[in-house]
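# Tertiary structure, described
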Amino acid sequence: MGYLRRLIGAATDLLIPPKCLLCSASMEIGDSHAICVPCTDAFERFAPPWCPRCGNPFHSLTTLAHSPAHVCADCLENGHHYDMARAIGAYEGSLRESVQLFKFQGFTKLAGEFAPLLARLAAEEFEIAEDAGNVMVTHVPIDPARWRTRGFDQAMLLALRTAAHLGLPHADLLERAKATRSQTGLSARERRRNMRGVFRVRSRGMRQTLESATCILVDDVVTTGSTASACARELKKAGAEAVHLLTICRS
């Protein structure tokens, strides 16, 4: 049934002009994109200056001037186990709408729209040399209950597509050791507590893979960074030298 559905979908795309998921504008027959170019170009992207660690933009040059080493207050007070974090933009406007279509309504085709943007951001910000040795892309694993409900892991899809654009291997490194309650409505401290012991490296054999590795950790949205920080902590415990967080949005 899955094959037949894909076949019918492909035939429909060839016969009926697809429409942009955001503005409903007609696109050319056979166009593989889910969002038109004007809508993609209209995504509101973060612009510097931003915190060199978490990538959160400074609200003003005055704030920047009073930040030691130009690091934001959250990073100074709380810190994170990942080395750097970058997001395309804020979780608002058309970027938010696109993420919600992707994550909650099953438009998995949107992973192909986000991946080149994420890959470009990673190439510009993470300064990974072409001759760098052990570099890989991985992802924050979704809760198994949510996977059963949605039928896919959005972070995995993003990571696979982004790795392909970067020309880097993707490795399924992490798994959830236990279920957690929703992070929605929790304070930063409660979120960190909620994430304790949640993640683990999938197997002992991964430790050799992770020895002195640089990991690009992909997720869709970052809020306080507690989930990603918990993942980075486990990756570093298993031997990773550096972990960089890459997301579509910062909430």
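So, here is what we can say about the structure in this document. These figures come from a predicted structure and were not determined experimentally. Residue indices follow the written sequence of each chain, beginning from 1 at its first position. For this predicted model, a pLDDT threshold of at least 70 governs which residues receive local features, and a threshold of 80 or more governs which side-chain atom pairs are given and counted, while totals over whole chains, interfaces and linings are taken from all residues. Excluded from the side-chain calculation are hydrogens and water; included are all heavy atoms of the structure.

## So, the overall build of the protein
- A helix here means a DSSP run of H or I that spans at least four residues, while a strand means a run of E at least two residues long, and both kinds are numbered starting from the N terminus. On a plain count of helices and strands, the protein comes out with 11 helices and 6 strands.
- Relative accessibility thresholds used throughout: buried, under 20% of the residue-type maximum; exposed, over 50%; partly exposed, between the two (1.4 Å probe, protein chains only). For the protein, the residues scored as buried account for 45% of the 251 residues in total.
- Long-range pairs, those at least 24 residues apart, make up 70% of the contacts in the protein with a sequence separation of at least 6.
- Only the protein chains shown count as cover for residues, and the accessible areas themselves come from Shrake-Rupley with a 1.4 Å probe. As presented, the protein carries roughly 13,400 Å² of accessible surface, and 52% of it is formed by carbon and sulfur atoms. Note on contacts: a residue pair qualifies if any of its non-hydrogen atoms lie within 4.5 Å across the two residues.

## Digging into the environment of Lys 237
- With respect to the helices and strands, Lys 237 occurs in helix 11 (residues 226–237).
- Given the relative accessible area of 53%, Lys 237 is considered exposed.
- Residues Lys 237 and Val 201 lie 36 residues apart in sequence; the distance between their C-alpha atoms is 9.1 Å.

## What to know about the packing of aromatic side chains
- Classification of ring pairs uses Phe, Tyr and Trp, with its six-membered ring standing for Trp, and accepts pairs whose centres are within 6.5 Å; under 30 degrees between planes counts as stacked, over 60 as edge-to-face, and the remaining range as tilted. Across all of its chains, the model carries 2 aromatic pairs by this definition.
- For the pair Phe 102 and Phe 152, a centre-to-centre distance of 6.3 Å together with 35 degrees between the ring planes defines the contact as tilted. With Phe 102 in helix 5 (residues 93–104) and Phe 152 in the loop between helix 7 (144–150) and helix 8 (154–166), this residue pair connects regions lying 50 residues apart in the sequence.
- Cluster of aromatic residues (ring-pair linked, three or more members): Phe 102, Phe 114 and Phe 152.

## Looking at the packing of helix 6 (residues 111–125) against helix 8
- Angles here are taken between N-to-C directions and fall from 0 to 180 degrees, while the axes themselves are lines fitted to C-alpha atoms, restricted in helices to the stretch in contact. Close contact between helix 6 and helix 8 brings their axes to 8 Å; oriented N to C, the two are set at 55 degrees. With respect to helix 8, the element helix 6 is oriented oblique. Our pair here, helix 6 against helix 8, has a crossing hand that is right-handed. Along the contact surface, helix 6 presents Ala 111, Gly 112, Phe 114, Ala 115, Pro 116, Leu 118, Ala 119, Ala 122 and Ala 123, while helix 8 presents Leu 157, Leu 158, Arg 161, Thr 162, His 165 and Leu 166. In these notes the angle categories are as follows: under 35 degrees is roughly parallel, over 145 is roughly antiparallel, 65 to 115 is roughly perpendicular, and the rest is oblique. Crossing handedness follows the turn of the near helix against the far one: under a right angle anticlockwise gives a left-handed crossing, and clockwise gives a right-handed one.

## Quick word on the sheet that holds strand 6 (residues 242–250)
- The pairing criterion for strands is at least two bridges between them, as found by DSSP. With parallel pairing, 4 strands are arranged side by side in an open sheet as 1-6-5-2. The strands lining the two open edges of the sheet, one partner per strand, are strand 1 (84–90) and strand 2 (135–139). Strand-to-strand, the axes of this sheet are offset by a mean angle of 20 degrees, without reference to chain direction.
- In this structure, strand 2 lies alongside strand 5 (residues 214–222), joined through 5 bridges in parallel fashion. Counted as the bridge partner of Met 136 is Cys 215 from strand 5.

## Points about the pairing of strand 1
- Here strand 1 lies mainly inside the structure; 7 of its 7 residues are buried.
- As paired elements, strand 1 and strand 6 share 6 bridges and run parallel to each other. Counted as the bridge partner of Met 84 is His 244 from strand 6.

## Structural notes on the environment of Lys 19
- Of note, Lys 19 is situated in the loop between helix 1 (2–15) and helix 2 (37–41).
- With 10 residues separating them along the chain, Lys 19 and Ile 29 place their C-alpha atoms 9.6 Å apart.
- With near-sequence residues (within four places) excluded, Lys 19 lies in contact with Ser 24, Ala 25, Ser 26, Met 27 and Ala 34.
- As used in this structure description, the phrase polar contact means that two N or O atoms lie within 3.5 Å; if the pair is within protein, one of them must be able to donate a hydrogen and the other to accept it, and residues adjacent in sequence are counted only when both atoms belong to side chains. There is a polar contact of 3.3 Å between the side chain of Lys 19 and the side chain of Ser 26.

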